[in-house]
Structure formats: C-alpha cells, structure tokens
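Listed below are the residues making up each chain.
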Amino acid sequence: GIQVEQSPPDLILQEGANSTLRCNFSDSVNNLQWFHQNPWGQLINLFYIPSGTKQNGRLSATTVATERYSLLYISSSQTTDSGVYFCAVEDAGGYNKLIFGAGTRLAVHP
Amino acid sequence: EAGVTQSPTHLIKTRGQQATLRCSPISGHTSVYWYQQALGLGLQFLLWYDEGEERNRGNFPPRFSGRQFPNYSSELNVNALELEDSALYLCASSSGTSGQETQYFGPGTRLLVL
C-alpha cells in the first residue's frame, strides 16, 4: 500500500518564526489533506490539496503530485499553532481510505 | 452549520465487554468513516459506510463492526473488548464517494479498557 512519510517528526520554534513541514508519499493520490490535531484530539482541517498551492491566512500548502510531496508552510508562528500536524492521502485506487503519516509535533514557545 | 458530532466523549469499559460509539455526520453528507488512534500506532482507517452499506474495511478483526442508519448517522460496535482497544476513535464524514472530497472529523470518543 501507499506509504506516507512526514518530516521533521518534532519541531520547536520561538513565536514569530516560520516553518516548513514536509509530506512524501509513495504513489499517485486522489486526495491529500493536511490536519492540525489540537490538544483535545480533534483533527482540524487545514487544506484539501491533491495538487497545486493554497493559502489561508498564515498557512499555505503546496503539493507537487508528479514528484509525490506536499509542503505546509506556517509563517509568523503563534503558541496556538502548537500541536501535531498530519498529512493524509488516499491512493488513486480509491476506496476512500485516508492513510495518515506519523505526524509532525510542533511546539511554539513565547 | 453543525460539524460532525460524536458521543460519548469518554467511555470506560472492562475487558470482555462491548462498547458502542455514535456519530452524526455533517448535514447533507452521506459517507461516514471511522478511524482509530491508538498510542504508538498512529491513525488507522477502520470502516467506511455510505447509503447504509459498508463500503470498505481496514485491517481490523470482525469484533469491530458498525452500521449506518437511514438518517446517515452511524454506530461503531466493539465486542469482546481487549486492553489494546483503548484508543481515540474518530468519526469523519464527506459529501460524496469519489474519494476526492474533504473528510471532516468529529471530536472523537476516548475509549479506555480496563
């Protein structure tokens, strides 16, 4: 099955810093989503981005489907950005099953 | 618009018992998904229901089962609970079946098996 790798596994930032999180996947995908898991466990949708570039406030994402990777950019980080960021993909074979990476744990300190 | 809702928020059971978890999708969504997030195992796909039918199943034993009701809400049942079933169970919903729709997640049910 499709493999999803996220890097780095852990990231510590000072408030105001910028960061880039990476997601590599091993096969063609129908669906790629970025999530932020808050301390209470809820997965918050950030982007649906199987290809192209999107921006939402301080966050932006780019997926290069032909090279099988996606990047999540966080600018001017805030303490509320802390948590775990997951990339999830559904392979082109279908069946609507999201395969999650292991996540990047981000800690933003004041 | 209300998001995906799940109940209960927490559930404590003993080994061998049965657990029932409930999920209501976003209004207008017909597909419901269940995922398990166990410590050390990451987020894993459990089940997908659409229009009342089970459409796909992850690599879990048959004691994990569920159903989808005519109003598109869903139940996940876990029989003969084992200690390793302790996990956060997340439900998601989407508006279609092509796989190219966003899946929106609920707040989860934390199941603890003693």
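Up top is the structure these notes are about.
Since we're looking at a predicted model, the values are computed, not measured. (Residues numbered from 1 in each chain as written. Chains lettered and ligands numbered in written order. Predicted model: local features only at pLDDT ≥ 70, side-chain atom pairs only at ≥ 80, totals over all residues. Heavy atoms only, no water.)

Caption draft 1: Structural context of the state of the cysteines. All names here are of chain A. Here the structure, examined in full by the defined rule, presents 2 disulfides over all chains. For C23, the disulfide goes to C87, at an S-S distance of 2.0 Å. Disulfide C23 to C87: torsion about the S-S bond roughly -55°, handedness left-handed. In this pair, C23 sits in strand β3 (residues 19-25) while C87 sits in strand β9 (residues 83-91), placing the two residues 64 residues apart along the sequence. Residue classification places C23 among the buried residues on the basis of a relative accessible area of 0%. We classify C87 as buried; its relative accessible area is 0%. (Disulfide = S-S within 2.5 Å. Helix = DSSP H or I, 4+ residues; strand = E, 2+ residues; numbered from the N terminus. Buried < 20%, exposed > 50% of the residue type's maximum accessible area, 1.4 Å probe, protein only.)

Caption draft 2: Here's a closer look at the interface of chain B and chain A. The partner chain A presents 19 residues to the 22 residues of chain B that form the contact. Summed over both sides, the interface of chain B with chain A buries roughly 1700 Å², with 49% coming from carbon and sulfur. At the junction of chain B and chain A, the tally comes to 0 salt bridges. Counting the contacts that link chain B with chain A gives 8 residue pairs in polar contact (both at pLDDT 80 or more). Every element with two or more residues in the side of chain B that touches chain A is listed here: β4 (31-38), β5 (42-50), β9 (87-94) and β10 (104-105) of chain B. (Contact = heavy atoms within 4.5 Å. Buried area = accessible area lost by both parts, 1.4 Å probe. Salt bridge = Lys/Arg side-chain N within 4 Å of Asp/Glu carboxyl O. Polar contact = N/O pair within 3.5 Å; in protein donor to acceptor, adjacent residues only side chain to side chain.)

Caption draft 3: Representation of unusual backbone geometry. The amide bond that connects S7 of chain A to the next residue, P8 of chain A, takes the cis arrangement and shows omega of -10°. When you line up the elements, P8 of chain A lands in the loop between β1 (4-7) and β2 (10-14). Residue P8 of chain B follows S7 of chain B across a cis peptide bond; omega there is -10°. One non-glycine residue, R68 of chain A, lies in the positive phi region at around 60°. Residue classification places R68 of chain A among the partly exposed residues on the basis of a relative accessible area of 34%. Positive phi outside glycine occurs at S76 of chain A, with the angle close to 45°. Using a relative accessible area of 38% as the deciding quantity, one classes S76 of chain A as partly exposed.

Caption draft 4: Structural context of the pairing of strand β4 (residues 29-37) of chain A. All names here are of chain A. Burial within β4 is extensive, with 9 of its 9 residues counted as buried. In this sheet, β9 lies alongside β4 in antiparallel orientation, the contact comprising 8 bridges. Note that in β9 the partner of Q33 across the bridge is A88. As defined by bridge partners, β4 adjoins strand β5 (residues 43-48) across 5 bridges and the pair is classed as antiparallel. (Pairing = 2+ DSSP bridges.)

Caption draft 5: Representation of the sheet that holds strand β1 (residues 5-7) of chain B. All names here are of chain B. Taken in spatial order, the 4 strands line up as β1-β3-β8-β7 in an open sheet, and their pairing is antiparallel. Lying at the two open borders of the sheet, with one neighbouring strand each, are β1 and β7 (64-68). The sheet shows a mean angle of 20° between the axes of neighbouring strands, direction not considered. Relative to strand β3 (residues 19-24), β1 runs antiparallel, the two being bridged by 3 bridges. The partner of Q6 across the bridge, within β3, is C23. (Axes fitted to C-alpha atoms, helices over the stretch in contact; angles between N-to-C directions.)

Caption draft 6: Main features of the side chain of Q6 of chain A. Residues and elements named next belong to chain A. Structurally, Q6 can be placed in strand β1. For Q6, the side chain forms a polar contact with the main-chain nitrogen of G103, separated by 3.1 Å. Leaving out residues up to four positions away in the same chain, Q6 has contacts with R22, C23, W34, Y85, F86, C87, G101, A102, G103 and T104.

Caption draft 7: Looking closely at the sheet that holds strand β6 (residues 52-56) of chain A. Residues and elements named next belong to chain A. Taken together, 5 strands build an open sheet; the order of strands is β1-β3-β8-β7-β6 and the sheet is antiparallel. Edge strands, defined here as strands with exactly one partner in the open sheet, are β1 and β6. With direction set aside, neighbouring strand axes in the sheet form an average angle of 15°. Sheet topology places β6 next to strand β7 (residues 59-64); 5 bridges connect them, and they run antiparallel.

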